Each structure stands twice: as structure tokens, then as C-alpha cells.
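Inside the fold
Residues per chain, in single letters:
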Amino acid sequence: MDDISTIYGLKKIVKNAIERNTDSLVAGNIDSMEKYHYIVGQIRAYEYVLQELSNLNEKKEQKENDGNIIELGSTKN
């Protein structure tokens, strides 16, 4: 499994975790403020991880494209 596939797989797992926690909040399955704060904290942490994975993915794609730039402009002789 290459790095890009790993990043996409982790992003999918994190997005599912965010969705589960969000569904719990929306459904009203929270019976105390402590649980509410805990779940909101988890969502924030997952969002942070998701952003970091996106940043890693961008850096990986940019690194793979280094040295592969070909100019197709007209040349003047």
C-alpha cells in the first residue's frame, strides 16, 4: 500500500468517526454536559487530524510532481 492510499484510508476512518459523533449529538444521545464536551472535543481532534492528513497529502503530491514540469511554450529561433 503506498503513502497516498494510506492517507486516503485514514481520512475515511476519521470522517466516519466524525460522522458517528455528530450523529450522537444530533440524535440527543447525550445525557450529561461532560459527555457533550467530551464528544465535541473528539470531533475537534478528528477535524485536526483530518486537516493534517490533507496537508500531508498535499506535500506528498507536490513532492511527487517536483522535477516533472515540462514547459510547452513556443520557442523562438
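Residues numbered from 1 in each chain as written. Predicted model: local features only at pLDDT ≥ 70, side-chain atom pairs only at ≥ 80, totals over all residues. Heavy atoms only, no water.

Here we take up the overall build of the protein chain. In terms of regular secondary structure, the protein chain is built from two helices and zero strands. A buried classification covers 18% of the 77 residues belonging to the protein chain. For the protein chain, long-range pairs separated by at least 24 residues make up 68% of all intrachain contacts whose partners lie at least 6 apart in sequence. Summed over all atoms, the accessible surface of the protein chain reaches about 6500 Å², with 52% contributed by carbon and sulfur. (Helix = DSSP H or I, 4+ residues; strand = E, 2+ residues; numbered from the N terminus. Buried < 20%, exposed > 50% of the residue type's maximum accessible area, 1.4 Å probe, protein only. Contact = heavy atoms within 4.5 Å. Areas by Shrake-Rupley, 256 points an atom, 1.4 Å probe, with all protein chains shown as cover.)

Enumeration over the complete set of coordinates arrives at one salt bridge. Across the pair lysine 35 and aspartate 31 runs a salt bridge whose closest N-O atoms are separated by 3.2 Å. A relative accessible area of 61% means that aspartate 31 is categorised as exposed. (Salt bridge = Lys/Arg side-chain N within 4 Å of Asp/Glu carboxyl O.)

As a further point, take the side chain of lysine 11. With respect to the helices and strands, lysine 11 occurs in helix H1 (residues 3-27). Residue contacts for lysine 11: discarding those within four places in its chain leaves Leu50, Leu53 and Ser54.

Bringing H1 into the picture now. The end-to-end C-alpha distance of H1, which contains 25 residues, comes to 36 Å, matching closely the 36 Å that a straight helix rising 1.5 Å per residue would cover. By the burial criterion, the buried members of H1 are Ile4, Ile7, Lys11, Val14, Ala17, Ile18 and Asn21. Glycine 28 sits one or two residues past H1 and shows a positive phi near 80 degrees. (Expected span 1.5 Å × (residues − 1).)

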